[in-house]
Amino acid sequence: MGIIRASKLIYEYIRRDEDEHVEEVNRAIDQLTVDIKKGDFVAVLGHNGSGKSTFAKQINGILLPSGGTVWVSDMNTSDESHIWDIRKTAGMVFQNPDNQIIGNIVEEDVGFGPENLGVPTDEIWKRVDRSLAAVGMTAYRLKSPNKLSGGQKQRVAIAGVMAMKPQCIILDEPTAMLDPNGRKEVIATLHELNKKENITILLITHYMEEVIDADRVIVMDDGKLVMDGTPREIFSHVQELKSYRLDVPQVTELAWELKKAGVDLPDGILSREEFMNAILPLMKKRFPDQVNLEGYCPDVGTFGTESAVK
Ligand SMILES: Nc1ncnc2c1ncn2[C@@H]1O[C@H](COP(=O)(O)OP(=O)(O)OP(=O)(O)O)[C@@H](O)[C@H]1O
């Protein structure tokens, strides 16, 4: 059984008037059932308001279910006696690292979580060393977080969560405030943590190119789980994704348009090689003077971003 499980989960935001009468009920999560395997890298996609953040907050016990159940490592989040163990097991990283970083210098910030948990001092330092190394921030340990770039700050926030030794980390749009380089740094860090430390990752994101290397992608719409599969499977369903108001990576969209026009291309996300192999003979035929001898047409490279082309 998985490390995070939700069964028929319902969450309703309820607005009440001064007399505590219910004025409005907004069902943000509607009968969501999902089972996340330990060690998986799972990306959660969904349009604004589809319920992604509400789901994340249920895992960490910030919000408790209105119906159904969430288990983290077999602990029911509705059982108050488990709340601290649940938070140690499932760490949360939010969109804005400034809200999560409190230390005056980086190493102090990373040690803050374990210190609060009462971890002995020498063990705290071991964890700080290990966490900073894992996110590639050892060289910055004595710097003030204010002097760091957005991507570096977010890596410090991730190190701070890692120092609590979680089995999984849930990240709610951790790259939303970062520039493309910062985004790449953070996503690469998450894959390192997942592969080397076997930390389960649940990444909520709006950026399609960030889900391409995930083991599994789940798509939410209107509080429900509407798609579930590998990135390749999910991106094979361009029309369905569009019906949930999700953008498809440019290169996938291009491949889809080419297929509609009769070009023989494989389904799903194309590797650069698959795309080139399929498209180059056609390009050479159509624009013989513009395709160089290495078989690389510079214009093709602009069809998708590096990461989307993979
Ligand atoms: N504090 C709140 N009070 C009332 N309704 C809320 C609250 N937070 C979220 N909602 C509503 O719950 C639904 C799901 O919101 P949620 O923030 O979970 O979606 P999301 O997929 O994370 O969106 P986004 O991508 O914009 O962050 C939306 O209809 C939203 O308006």
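Residues numbered from 1 in each chain as written. Predicted model: local features only at pLDDT ≥ 70, side-chain atom pairs only at ≥ 80, totals over all residues. Heavy atoms only, no water.

On to the pairing of strand β8 (residues 200–204), then. Both faces of the sheet carry side chains from a regular strand, because those side chains alternate between them. With respect to burial, β8 is a largely interior element, five of its five residues being buried. Here β8 shows two buried faces, one formed by Thr200, Leu202 and Ile204 and the other by Ile201 and Leu203. As paired strands, strand β7 (residues 168–172) and β8 are joined by five bridges and run parallel to one another. Within the sheet, the bridge partner assigned to isoleucine 169 lies in β8 and is isoleucine 201. Where the polypeptide runs from β7 across helix α6 (residues 180–196) and back to β8, its parallel neighbour, the crossover connection is right-handed. (Buried < 20%, exposed > 50% of the residue type's maximum accessible area, 1.4 Å probe, protein only. Helix = DSSP H or I, 4+ residues; strand = E, 2+ residues; numbered from the N terminus. Pairing = 2+ DSSP bridges. Right-handed = clockwise from strand over helix to strand, strands pointing away.)

With that out of the way, let us pick up a nonpolar patch on the surface. A surface patch of nonpolar side chains, about 240 Å² in accessible area, is lined by Ile14, Val22 and Val25. Structurally, the position occupied by valine 25 is in strand β2 (residues 22–36). (Patch = residues over 30% accessible without salt bridge, like charges linked within 9 Å, V, L, I, M, F, W, Y side chains within 5 Å. Areas by Shrake-Rupley, 256 points an atom, 1.4 Å probe, with all protein chains shown as cover. Salt bridge = Lys/Arg side-chain N within 4 Å of Asp/Glu carboxyl O.)

The next thing to look at is the sheet that holds strand β5 (residues 75–76). With respect to topology, four strands assemble into an open sheet ordered β2-β1-β4-β5, the strand pairing being antiparallel. Two strands lie at the open edges of the sheet, namely β2 and β5, each paired on one side alone. One ladder, built from two bridges, connects strand β4 (residues 67–72) with β5; its direction is antiparallel. Residue pairing across strands places valine 72 opposite methionine 75, the latter belonging to β5.

Before going further, it helps to examine the site of the ligand. Surrounding the ligand, one finds 13 residues, the nearest of these being Gly49, Gly51, Lys52, Ser53 and Thr54. Residue tyrosine 13 places a side-chain N or O atom 3.5 Å away from a nitrogen atom belonging to the ligand. Within the contact set of the ligand, an oxygen atom lies 3.0 Å away from a backbone nitrogen or oxygen of glycine 51. Here the shell around the ligand gets three residues from one element, more than from any other, and that element is helix α1 (residues 52–59). Each residue belonging to the shell around the ligand can be placed in one class, and the counts come to two nonpolar, nine polar and two charged. (Near = heavy atom within 4 Å. Polar contact = N/O pair within 3.5 Å; in protein donor to acceptor, adjacent residues only side chain to side chain. Nonpolar A, V, L, I, M, F, W, Y, C, P; charged D, E, K, R; others polar.)

In a regular helix each residue adds 1.5 Å, so 14 residues correspond to 20 Å; helix α4 (residues 121–134) covers 20 Å between its end C-alpha atoms and thus fits that length. Listed in full, the buried residues belonging to α4 are Ile124, Arg127, Val128, Ser131, Leu132 and Ala134. When α4 is viewed along its axis, its buried side chains cluster within an angular range of 155° and face the same direction. Exposed residues lying more than 90 degrees from the buried face of α4 are Asp122 and Lys126. Those residues of α4 that are buried are in contact with α3 (106–116), α5 (150–162) and α6. Backbone geometry just after α4 places glycine 136 at a positive phi near 70°. (Expected span 1.5 Å × (residues − 1). Arc of directions from axis to C-beta. Contact = heavy atoms within 4.5 Å.)

Our focus in this paragraph is the sheet that holds strand β10 (residues 224–229). If you trace the six strands from one edge of the open sheet to the other, you get β6-β7-β8-β3-β9-β10, paired in mixed fashion. At either end of the open sheet lies a strand with only one pairing partner, and these are β6 (90–93) and β10. Strand-to-strand, the axes of this sheet are offset by a mean angle of 20°, without reference to chain direction. Taken together, the four bridges between β6 and β7 define a ladder with parallel strand orientation. Considered in β7, the bridge of valine 93 is made with leucine 171. Together, β6 and β7 form the strand contacts of α5, whose direction differs from that of β6 by roughly 160°. Of the strands in this sheet, β3 (41–46), β7 and β8 touch α6, which is tilted by about 155° from β8. (Axes fitted to C-alpha atoms, helices over the stretch in contact; angles between N-to-C directions.)

Bringing unusual backbone geometry into the picture now. Of note in this structure, asparagine 198 is not a glycine but carries a positive phi near 55°. With respect to the helices and strands, the residue asparagine 198 is situated in the loop between α6 and β8. Asparagine 198 sits in the partly exposed class, given a relative accessible area of 42%. A positive phi angle, close to 55°, is found at aspartate 222, a residue other than glycine. By the element assignment, aspartate 222 lies in the loop between β9 (216–221) and β10.

So far we have only geometry, and geometry alone does not tell us how the molecule works.
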